[in-house]
Amino acid sequence: NGKFYSDNTESIYKNGILLEEKNFTNDRKLRYEKKLIEAQKIHDVKVYEDGIMTYNYKTKINLDPYTAIEAASDISDDYYFTAEVTQFEKGKEKNKASFKNGILEKGKIEVKTYNGYTEYERKGEWVITREFDENKTLNKETKEKVTENMYVIFTEENLLYQEN
């Protein structure tokens, strides 16, 4: 229980459950914040760039501190990233995407990279990945058929720790 500080992150826990978390860039700009909405058993997550919200999503959580700790020690929750994500550009909704266990189920989303951005789009039984440079020139496009044993292509870290 209490408030914890680690690198650029401030976290508040109660009975082993994360109530609130804020992460900052090295120059102390808010990168993301998570807040528990206990009645809905979700974390509401907002991701920012230069003070402007770029993504908003909600992830279901386990409110039983004993099984939550056990599950966290077994495997990272990132590999089970399940959320409805809304992407914003200049304060306006740009894209929506649904993820289940790290796999894009529907929609489209763009994620910044060190040299441009990557766009993920679901079309039928395919996930299309497009890599663009900073001039929005398409450098690479791949198409992967979604299967039951598909490698996880998306984790929560893809949204929380983008290149700025």
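Everything here concerns the structure above.
Residues numbered from 1 in each chain as written. Predicted model: local features only at pLDDT ≥ 70, side-chain atom pairs only at ≥ 80, totals over all residues. Heavy atoms only, no water.

This next bit is on the sheet that holds strand β4 (residues 30-37). Taken in spatial order, the twelve strands of this open sheet run β1-β2-β3-β4-β5-β6-β7-β8-β9-β10-β11-β12, and their pairing is antiparallel. Because the sheet does not close on itself, it has two edges, and the strands there are β1 (2-6) and β12 (138-145). The sheet shows a mean angle of 20° between the axes of neighbouring strands, taken without regard to direction. As judged from the eight bridges shared by strand β5 (residues 42-49) and strand β6 (residues 52-60), these two strands associate in the antiparallel manner. Of the residues in β6, the one forming a bridge with Val-47 is Tyr-55. (Pairing = 2+ DSSP bridges. Helix = DSSP H or I, 4+ residues; strand = E, 2+ residues; numbered from the N terminus. Axes fitted to C-alpha atoms, helices over the stretch in contact; angles between N-to-C directions.)

Turning next to the pairing of β6. Taking the residues that link successive antiparallel strands as the turn, the β5-β6 hairpin has two residues, and the phi of Asp-50 there is positive, at about 50°. Sheet topology note: the β6/strand β7 (residues 83-89) ladder contains four bridges and is antiparallel. Paired with Tyr-57 across the bridge in β7 is Val-85.

A separate point is the pairing of strand β2 (residues 9-14). Bridging between β1 and β2 involves five bridges; their strand directions are antiparallel. The residue of β2 that forms the bridge with Ser-6 is Thr-9. Joining the antiparallel neighbours β1 and β2 is a turn of two residues, in which Asp-7 adopts a positive phi near 50°. Two elements, β2 and strand β3 (residues 17-24), share six bridges in a ladder whose sense is antiparallel. Directly across from Glu-10, in β3, lies its bridge partner Lys-22. Between β2 and β3, which follow one another and run antiparallel, lie two residues, and Asn-15 among them has a positive phi close to 55°.

This structure, assessed with the given rule, holds twelve salt bridges. The salt bridge involving Arg-130 is made with Glu-119; its shortest N-O contact spans 2.6 Å. Of the two residues, Arg-130 is situated in strand β11 (residues 126-133) and Glu-119 in strand β10 (residues 116-123); the sequence distance between them amounts to eleven residues. With relative accessibility at 13%, the residue Arg-130 sits in the buried group. Classification of Glu-119 by relative accessible area gives buried; the value is 8%. When the shortest N-O distance is used, the salt bridge between Glu-121 and Arg-130 registers 2.8 Å. In terms of burial, Glu-121 and Arg-130 fall into one category: buried. Put simply, Glu-119, Glu-121, Arg-130 and Glu-141 are held in one network by salt bridges that share partners. (Salt bridge = Lys/Arg side-chain N within 4 Å of Asp/Glu carboxyl O. Buried < 20%, exposed > 50% of the residue type's maximum accessible area, 1.4 Å probe, protein only.)

Let us now look at the packing of aromatic side chains. A full pass over the atoms with the stated rule returns four aromatic pairs. Where Tyr-57 meets Phe-81, the ring centres are 5.4 Å apart and the plane angle is 85°; that geometry is what we call edge-to-face. Within this pair, whereas Tyr-57 is found in strand β6, its partner Phe-81 is found in the loop between α1 (65-74) and β7, the two being separated by 24 residues in sequence. Taken individually, Tyr-57 and Phe-81 each receive the classification buried, so the pair is uniform in this respect. Geometrically, the ring pair formed by Tyr-117 and Phe-132 is stacked, given 4.7 Å between the ring centres and 15° between the ring planes. One end of the pair, Tyr-117, is in strand β10; the other, Phe-132, is in strand β11, and 15 residues separate them in sequence. Note on Phe-132: relative accessible area 13%, which makes it buried. The structure contains a cluster of three or more aromatic residues connected by ring pairs, namely Tyr-57, Phe-81 and Phe-99. Looking at Arg-28, its charged tip hangs above the ring of Phe-24, at a distance of 4.1 Å from the centre. In this structure, Lys-143 is placed above the aromatic ring of Trp-126, and the distance from its NZ or CZ to the ring centre is 4.8 Å. (Phe/Tyr/Trp six-rings, centres within 6.5 Å; stacked < 30°, edge-to-face > 60°. Lys NZ or Arg CZ within 6 Å of the ring centre and 35° of its normal.)

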